Amino acid sequence: HSFNGTWTDRGVAECVAAFTANYIFADDQSLRRLGLRHTRLGMPGVRPAEGSPLFARHAELTRCMPRFLVVGTQKGGTSTLHYVLRSGWHPRVALNKGEKEVHHFSLDDNHAMGPARYQARWDGEGAQLGTCPGREDKVRGEVSATYLDYPRAAERAFALLPFAKVVLLLREPAARLVSSFNMRWQVEVCGKLTWTRRDCFKGLSSREQVKEHAVGPFQLAAALKVWARCQTPGGDGLDASCLGADFVEKLANRTRRERREIDVCLAALEADAPPLSLGRCLGLPILSQRKLYKRMEDGAYVYRSMYAEHVAVWLSYFPPEQLLVLPSEPLFERATVEAQMSRLAAFLGLDYKETNQEVLFSASPASVTGAPHENGREYVATPPPEMLADLRAWLCPHNARLAGLLLANGLVPSASDRAARRTDDWMRARSSRRSGTLNTRAAGDHRPAAAANSRQCGDAARQR
């Protein structure tokens, strides 16, 4: 692949493609010569083989890095869980210093800083890879809600931390979608005031205030339009009914537009046309960091609620025994939060008897209910029931695919767990109990599974 002693880009690309194809489909006996082994046959994830020099070196260099990652979902309770973990829930848990979310594996600029800078999030500047004197007994972890669904996050996490435990908090998809939109709508209307008031739209009393709290020219232009449209007759605030109509109209328009785009891609995937994944069809992997962040945070409300797509990617790298999927809802209920955290402790290898239970029932700084609940934002309006029903009907086949994926990989709680059965019906796809067995094909196969699950969702809707 060289010409006159220099490497060519095309030659390197061909070499990488050939190596990739061979190690994905090679048997472990061949890979063992390189000190590698598959996590699962037919999947791209390859990790150092136990007992190899590569394994020993990798383990030594990463021993001071996180043993667990909470990867999302956004608006699924990650801020609440972060608060509990950093507030002394267990003496061995050590989260990163500084801001809540590191975004090391999801944002290109952060990832480019390298693993030493990543380790410094726990040990401070000057940290050396593999050196964490006096802190070896700590179970390090981090919480970044962008990891679940940003392109390459799972791949990068596996490359650096192939033995890490991965925790996924999944909230009922339509509720997550509306909550995510509510946050972005408040940023659009209130700017910086969003971060200091959970009801920021009640804190704007003049056009000058709108300008004062602006975060950028586009946000300011949108906020001024809302002000002009919804200011009270006296000009000293915003009319709640007008704001509610603005919220519902924008939610409907943006989700309708996004669903049309996704439907086009799903049709192409069902027809066997390239590309091979929904994310690629939507063009996400090729976007620059700035454009990707804009798209994911204010244009992927539906996509980010299609959990089967994202869980399947993590399962293509990490084996099921390294994943824990928890429904978000029990975190916010006094009757179920202890059982939820007990599962987390067991998964992380922590003695539950050492936990501080008071943290689970004490108010966090952003709470208005007297319980740990961060980022609980007030809603200016509730979407009409018919809009929510339409969203849930559209998401139902994707929830069914998720249920099949979780069942096939042993990632759902026991059916005898009454609390879990009550709180995560959407995750279990009730249609599976009423209309026959769920289709458990891998999430990447959008054809027979989508058709079968759509029929099941239609049958369940008619029965309801």
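The written sequence of each chain sets the order in which its residues are numbered from 1. In keeping with the model being predicted, local features are shown solely for residues with a pLDDT of at least 70 and side-chain atom pairs are shown and tallied solely at 80 or more, while totals for entire chains, interfaces and linings include all residues. The basis for every side-chain value is the complete set of heavy atoms in the structure, and neither hydrogens nor water enter the calculation.

Read across the open sheet, the 5 strands follow the order β6-β7-β5-β8-β9; overall the sheet is parallel. Strands at the two margins of the open sheet, each flanked by one partner only, are β6 (93–95) and β9 (323–327). Between one strand axis and the next, the sheet turns through 25° on average, direction left out of account. Summarising the sheet, strand β5 (residues 68–70) and strand β8 (residues 165–170) pair through 3 bridges and their orientation is parallel. Each bridged residue has a counterpart across the sheet, and for Phe68 the counterpart in β8 is Lys165. Should any heavy atoms of two residues lie within 4.5 Å, those residues are considered in contact. Every angle, taken between N-to-C directions, lies between 0 and 180 degrees, and every axis is a line fitted to C-alpha atoms, over only the stretch in contact when it is a helix. Under the scheme used here, helices are H or I runs from DSSP no shorter than 4 residues and strands are E runs no shorter than 2 residues, and both carry numbers assigned from the N terminus. Across the sheet, helix α6 (residues 115–123) lies against β5, β6 and β7 (139–143), angled at about 105° from β7, the strand it touches most. Pairing between strands is defined by DSSP: at least two bridges between the two strands are required.

Salt bridge criterion: a side-chain nitrogen from Lys or Arg within 4 Å of a carboxyl oxygen from Asp or Glu. The full count for this structure, using the stated rule, is 22 salt bridges. Its salt-bridge partner being Arg254, residue Asp298 comes within 3.2 Å of it at the nearest N-O pair. Highlighted residues: Asp298 in the loop between α13 (289–297) and α14 (307–315) and Arg254 in helix α11 (residues 240–270), separated in sequence by 44 residues. Remark: exposure states derive from per-residue accessible area (1.4 Å probe, protein chains only) relative to the maximum for the residue type, with buried under 20%, exposed over 50%, and partly exposed in between. A relative accessible area of 18% places Arg254 in the buried class. Here Arg401 makes a salt bridge to Glu309, at a shortest N to O gap of 3.5 Å. Taken together, the residues span a long stretch of sequence, with Arg401 in helix α16 (residues 385–408) and Glu309 in helix α14 at a distance of 92 residues. Assigned by exposure class, Arg401 and Glu309 land together as buried. Several salt bridges share partner residues, and in doing so they unite Glu188, Arg229, Asp246, Glu249, Lys250, Arg254, Lys294 and Asp298 into one network.

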